[in-house]
Amino acid sequence: GKTSQVQEIIEKLKDHNISIGGIYSSRIIENNITIGYDIVNISTNERSVFLRNTGNDDLQKIGKFFILPKGLKKGLKAIEKSREDNTKLTIIDEVGKLELENKGWSNEIEKLLNTSVNDILLVVRKESLEKIIAKWDIQARFIYNVSEKDCVNFCNLFIEK
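Everything numeric here is computed off the predicted structure, so don't read it as measured data.

**Comments concerning helix H5 (residues 129-136)**
Listing the buried residues of H5 in full gives Ile132, Ile133 and Trp136. Taken around the axis of H5, the buried residues stretch over an arc of 100 degrees, which confines them to a single face. In H5, the exposed residues that point more than 90 degrees away from the buried face are Glu130, Lys131 and Ala134. The inward-facing, buried residues of H5 contact strand E6 (89-95), helix H3 (97-100), helix H4 (106-115) and strand E7 (119-124). The positive-phi residue at the C-terminal boundary of H5 is Asp137, with phi of around 50 degrees.

In structure tokens:
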């Protein structure tokens, strides 16, 4: 549900010519089994293989998935570009265990929070929310619960600015 909501938010905001950057994770399913995730660059729609359930032991893992360095690098570059371009909204889907361990998107999140004048949407699982807020001491925040499935009100925060 989280990524579907993110995709709907991206579509609605782009329809209103609001500049958006960053990444979202697209689940890859084969034979009704999740085999991994691709990273999608929101600005360019370029997809990169990011997580897979098969790999070699030299690769870092998150849960049952191997992290593919090329996908991680592409995701980091997309976030960095969004920060440098000062997009209205930078989205990072998803932020969690890796970032809490100072891995994954952690360094780019730090840079965004310290240098960006624009809005940031961090997509976080409910069980990680308080830890993420505490880690970066996030003060100004609006928490949008995707289970409410009403992205119109969320999008209006940006459209009406």
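**Structural notes on the pairing of strand E3 (residues 47-52)**
In the sheet, strand E2 (residues 33-41) pairs with E3 via 5 bridges, with the strands oriented antiparallel. Its bridge partner lying in E3, Tyr37 is registered against Leu51. Sheet topology places E3 next to strand E5 (residues 65-67); 2 bridges connect them, and they run antiparallel. Residue pairing across strands places Leu51 opposite Ile67, the latter belonging to E5.

**Brief notes about the confidence of the model for the protein chain**
Looking at the protein chain as a whole, the pLDDT averages 91, with 97% of positions reaching at least 70. Ranking the elements of the protein chain by mean pLDDT puts helix H6 (residues 151-159) last with 81 and E3 first with 98.

**Topic: the pairing of E6**
In terms of burial, E6 is a largely internal element, 6 of the 7 residues being buried. Direction of pairing for strand E1 (residues 20-30) relative to E6: parallel, over a ladder of 4 bridges. Its bridge partner being in E6, Gly21 is matched across the sheet by Thr90. Bridge analysis of E6 against E7 gives 6 bridges, and the strand direction is parallel. Bridge pairing in E7 places Val95 opposite Val124.

**Overview of a negative patch on the surface**
On the surface, Glu8, Glu11, Asp15 and Asp150 cluster together into a negatively charged patch. With respect to the helices and strands, the residue Asp150 is situated in the loop between H5 and H6. Relative accessible area serves as the criterion here: at 33%, Asp150 is assigned to the partly exposed category.

**Quick word on the packing of aromatic side chains**
All told, the structure shown has 2 aromatic pairs when counted by the stated rule. Over the aromatic face of Trp136 sits the side chain of Lys135, whose NZ or CZ is 5.1 Å from the ring centroid.

**Considerations on the pattern of salt bridges**
Across all of its chains, the model carries 9 salt bridges by this definition. A salt bridge links Glu94 to Arg125; its shortest N-O distance comes to 2.8 Å. A residue pair is termed long-range when its members are at least 10 positions apart, and Glu94 in strand E6 and Arg125 in the loop between E7 and H5 qualify at 31 residues. Taking relative accessible area as the criterion, Arg125 reaches 39% and is therefore assigned partly exposed. Between Glu108 and Lys111 there is a salt bridge, with its nearest N and O atoms 3.4 Å apart. Here Glu108 pairs with Lys111, and both are found in helix H4, just 3 residues apart, close to one helical turn. Judged by relative accessible area, which is 6%, Glu108 ranks as buried. The structure contains a network of salt bridges with shared partners spanning Lys2, Glu94 and Arg125.

What counts as what
Residues numbered from 1 in each chain as written. Predicted model: local features only at pLDDT ≥ 70, side-chain atom pairs only at ≥ 80, totals over all residues. Heavy atoms only, no water. Buried < 20%, exposed > 50% of the residue type's maximum accessible area, 1.4 Å probe, protein only. Helix = DSSP H or I, 4+ residues; strand = E, 2+ residues; numbered from the N terminus. Arc of directions from axis to C-beta. Contact = heavy atoms within 4.5 Å. Pairing = 2+ DSSP bridges. pLDDT = per-residue confidence, 0-100. Patch = residues over 30% accessible without salt bridge, like charges linked within 9 Å, V, L, I, M, F, W, Y side chains within 5 Å. Areas by Shrake-Rupley, 256 points an atom, 1.4 Å probe, with all protein chains shown as cover. Salt bridge = Lys/Arg side-chain N within 4 Å of Asp/Glu carboxyl O. Lys, Arg positive; Asp, Glu negative; His and termini not counted. Charge placed at Lys NZ, Arg CZ, Asp CG, Glu CD. Phe/Tyr/Trp six-rings, centres within 6.5 Å; stacked < 30°, edge-to-face > 60°. Lys NZ or Arg CZ within 6 Å of the ring centre and 35° of its normal.

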